[in-house]
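Listed below, chain by chain, are the residues.
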Amino acid sequence: MTQRRQWLSRIALGGLAAWVSPAARAAGPAAAPRADALKLTDEEWRKRLTPEQYRVLRREGTEAPFSSALNGEKRRGTYKCVACDLPLFTSTMKFDSGTGWPSFFEALPGALGFTTDYKLIFPRTEYHCARCGGHHGHVFDDGPRPTGKRYCNNGVCLKFDAEAA
Ligand SMILES: [Zn+2]
């Protein structure tokens, strides 16, 4: 085995797991079902959402980077789940990550639920709206201070309510 391959296999076995797990730990135990939980059938979701919203929210899709107008949104206000209106982030939690997706270093308390997915082989912490269960994005541990978190959110899943000036 070359050194490079040894290094890669070590990363695969332990490095990435260690790197991702702090986000999973921060997510804490699964929350109890909310009193205001919104549960719809698949057909009802299809009617309520646009095809792109449905693909991302209900099928864990990912929008194309730099496709959301919310990337450049700098006004003060609240970012809500487009499917159920639950406030997820505020403008003070947003930062420019340069990734092409709206990014936040913090979420409103109780707004999100978390699972671990293995779609890219290594584990990632997926998050979804705590009210309707819609998939919004993934959280990584390479965000800015003070949290070190980067909530990488699909803009198509968000609705921005600007604060009255
Ligand atoms: Zn929602």
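Residues numbered from 1 in each chain as written. Predicted model: local features only at pLDDT ≥ 70, side-chain atom pairs only at ≥ 80, totals over all residues.

### Some details on the overall build of the protein
Secondary structure assignment for the protein yields three helices and nine strands. Each helix and strand of the protein, ordered N terminal to C terminal, gives the series α-α-α-β-β-β-β-β-β-β-β-β. For the protein, the residues scored as buried account for 27% of the 165 residues in total. Considering only contacts within the protein whose residues lie at least 6 apart along the sequence, 59% involve residues at least 24 apart. (Helix = DSSP H or I, 4+ residues; strand = E, 2+ residues; numbered from the N terminus. Buried ≥ 20, exposed ≤ 12 C-beta atoms within 10 Å, placed from the backbone. Contact = placed C-beta atoms within 7 Å.)

### So, the environment of H128
Relative to the helices and strands, H128 is located in strand β6 (residues 122–129). Excluding its chain neighbours within four sequence positions, the residues that come into contact with H128 are L112, G113, G133, G134, H135 and H136.

### Here's the deal with the confidence of the model for the protein
Per-residue confidence for the protein averages 87 on the pLDDT scale, and 80% of its residues sit at or above 70. In the model, residues 10–28 has pLDDT below 50 throughout and makes 20 contacts with residues more than four positions away in sequence or in other chains. (pLDDT = per-residue confidence, 0-100.)

### A word on the nonpolar core
In this structure, C81, A83, L88, C129 and C157 are the most contacted members of the largest nonpolar core, which totals 25 residues. Every element with two or more residues in this core is listed here: α3 (51–59), β1 (77–81), β2 (87–90), β6, β7 (135–140) and β8 (150–153). What A83 contacts, discounting residues up to four positions off in sequence, is R48, L49, L57, C129, C132 and G134. (Core = buried A, V, L, I, M, F, W, Y, C linked by C-beta atoms within 7 Å.)

### With respect to the sheet that holds β1
Judged by pairing direction, the sheet is antiparallel, and its three strands sit side by side in the order β2-β1-β9 without closing on themselves. Looking at the sheet topology across the chains shown, the edges are occupied by β2 and β9 (158–162). Taking each pair of neighbouring strands and ignoring which way they run, the sheet shows an average axis angle of 30°. Of the pairings in the sheet, the one linking β1 to β2 comprises three bridges and is antiparallel in character. Note that in β2 the partner of K80 across the bridge is P87. (Pairing = 2+ DSSP bridges. Axes fitted to C-alpha atoms, helices over the stretch in contact; angles between N-to-C directions.)

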